[in-house]
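These are the residues of each chain, in order.
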Amino acid sequence: MSEDPLQIDPEAASIQTHLGIIQNVIQRMSANSTNCKAWCVTLVAAVLVIIADKGKPDYAWIALLPTVVFLALDAYYLALEKGFRNSYNQFVSKLRAGSLTEQDLYSVMPVGNMSKLQFEAAKSFSVWGFYISLGVLIGVTKWIALE
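Basis of the calculations
- Residues numbered from 1 in each chain as written.
- Predicted model: local features only at pLDDT ≥ 70, side-chain atom pairs only at ≥ 80, totals over all residues.
- Heavy atoms only, no water.
- Helix = DSSP H or I, 4+ residues; strand = E, 2+ residues; numbered from the N terminus.
- Rg over C-alpha atoms; globule rule 2.2 N^0.38 Å.
- Contact = heavy atoms within 4.5 Å.
- Areas by Shrake-Rupley, 256 points an atom, 1.4 Å probe, with all protein chains shown as cover.
- Lys, Arg positive; Asp, Glu negative; His and termini not counted.
- Charge placed at Lys NZ, Arg CZ, Asp CG, Glu CD.
- Phe/Tyr/Trp six-rings, centres within 6.5 Å; stacked < 30°, edge-to-face > 60°.
- Buried < 20%, exposed > 50% of the residue type's maximum accessible area, 1.4 Å probe, protein only.
- Patch = residues over 30% accessible without salt bridge, like charges linked within 9 Å, V, L, I, M, F, W, Y side chains within 5 Å.
- Salt bridge = Lys/Arg side-chain N within 4 Å of Asp/Glu carboxyl O.
- Axes fitted to C-alpha atoms, helices over the stretch in contact; angles between N-to-C directions.
- Parallel < 35°, antiparallel > 145°, perpendicular 65-115°, else oblique.
- Nonpolar A, V, L, I, M, F, W, Y, C, P; charged D, E, K, R; others polar.
- UniProt positions renumbered as here; feature names shortened; annotations may be inferred.

**Concerning the overall build of the protein chain**
Then, in step 1: Counting its secondary structure elements, the protein chain contains five helices and zero strands.
Then, in step 2: For the protein chain, the sequential pattern of α-helices and β-strands runs α-α-α-α-α.
Then, in step 3: A globule of 147 residues ought to have a C-alpha radius of gyration of about 15 Å, yet the protein chain, at 21 Å, is considerably larger.
Then, in step 4: Overall size of the protein chain, expressed as C-alpha extent along the three principal axes, is 70 × 25 × 20 Å.
Then, in step 5: Sequence-distant contacts in the protein chain: of pairs separated by 6 or more residues, those separated by 24 or more amount to 84%.
Then, in step 6: For the protein chain, the accessible surface area stands at approximately 8900 Å², while carbon and sulfur atoms represent 62% of it.
Then, in step 7: Each charge class in the protein chain can be summarised by its mean position, and for the 11 positive and 12 negative side chains these summaries are 10 Å apart.

Dropping the structure here:
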């Protein structure tokens, strides 16, 4: 593959297809993040119902396990989404600058330090706001509803 800049029309089918692929990946990562939240609520509710049914309020903390696991998974998907948005923006910048190479055209990879992106995603309100609220709800359920 050549590393020389390509002279490609931004309206070319290959460019539009590449951008469409990245947009679809970004959309899937966003949907995965939403699904993490939905599955987490479902599993936490199921665990709390089973614990209430068995009359064992001390086991309510088990519901924190899926909360923590889905927090990490949600942050991972949001980090991937951000990495692919970075990739999309970098591709468009290179296209505008006329420095696009063949390797850029055939590469669909997230751009950025994934560990840093995942940490930043975990700090976002859409992650910590949801999962801390769910953790508080588990605690309230344990002390008020199950005791």
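Text resumes after the structure shown.
**Topic: the packing of aromatic side chains**
Then, in step 1: Enumeration over the complete set of coordinates arrives at four aromatic pairs.
Then, in step 2: Plain terms: the ring middles of Trp61 and Trp143 are 5.5 Å apart, the flat faces sit at 75° to each other, and that makes the pair edge-to-face. Within this pair, whereas Trp61 is found in the loop between helix H1 (13-54) and helix H2 (64-97), its partner Trp143 is found in helix H5 (residues 125-145), the two being separated by 82 residues in sequence.
Then, in step 3: Overall, the relative accessible area of 35% leaves Trp61 in the partly exposed class.
Then, in step 4: A ring pair is formed by Phe125 and Trp128, whose centres lie 5.1 Å apart and whose planes are at 90°; its orientation type is edge-to-face. A residue pair is termed a helical-turn pair when its members lie 3 or 4 positions apart in one helix, as Phe125 and Trp128 do in helix H5 at three residues.
Then, in step 5: The exposed category is assigned to Phe125, whose relative accessible area is 60%.
Then, in step 6: We classify Trp128 as partly exposed; its relative accessible area is 37%.

**Concerning a nonpolar patch on the surface**
Then, in step 1: A cluster of nonpolar side chains, namely Trp61, Phe125, Trp128, Ile132, Val136, Val140, Trp143 and Ile144, defines an oily patch on the protein surface of about 890 Å² accessible area.
Then, in step 2: By the secondary structure assignment, Val140 is in helix H5.
Then, in step 3: Judged by relative accessible area, Val140 falls into the partly exposed class, the value being 40%.

**Considerations on the environment of Ile138**
Then, in step 1: In this structure, Ile138 sits in helix H5.
Then, in step 2: Along the primary structure Ile138 and Arg96 are separated by 42 residues, whereas in three dimensions their C-alpha atoms are 51 Å apart.
Then, in step 3: Those residues within four positions of Ile138 in sequence are excluded, and the remaining contacts are Val44, Leu48, Ala60, Trp61, Ala63, Leu64 and Thr67.

**Digging into the packing of H2 against H5**
Then, in step 1: The interhelical angle for the contact between H2 and H5, taken along N-to-C directions, is 175°, at an axis separation of 10 Å. On the basis of their axis angle, the class for H2 and H5 is roughly antiparallel. Side by side, H2 and H5 meet where Leu64, Thr67, Phe70, Leu71, Asp74 and Leu78 of the first sit next to Ser126, Val127, Tyr131, Leu134, Gly135 and Ile138 of the second.
Then, in step 2: Looking at side-chain class alone, the contact of H2 with H5 contains eight nonpolar, three polar and one charged residues.

**Here's the deal with the UniProt feature "transmembrane region" (unreviewed entry) in the protein chain**
Then, in step 1: Per the UniProt record, "transmembrane region" (unreviewed entry) is annotated on residues 36-53, 59-80 and 125-145.
Then, in step 2: Between the end C-alpha atoms of residues 36-53 the distance is 26 Å, and the span holds 100% helix and 0% strand.
Then, in step 3: Each end of residues 59-80 is marked by a C-alpha atom, and these two atoms are 34 Å apart; helix forms 77% of the span and strand 0%.

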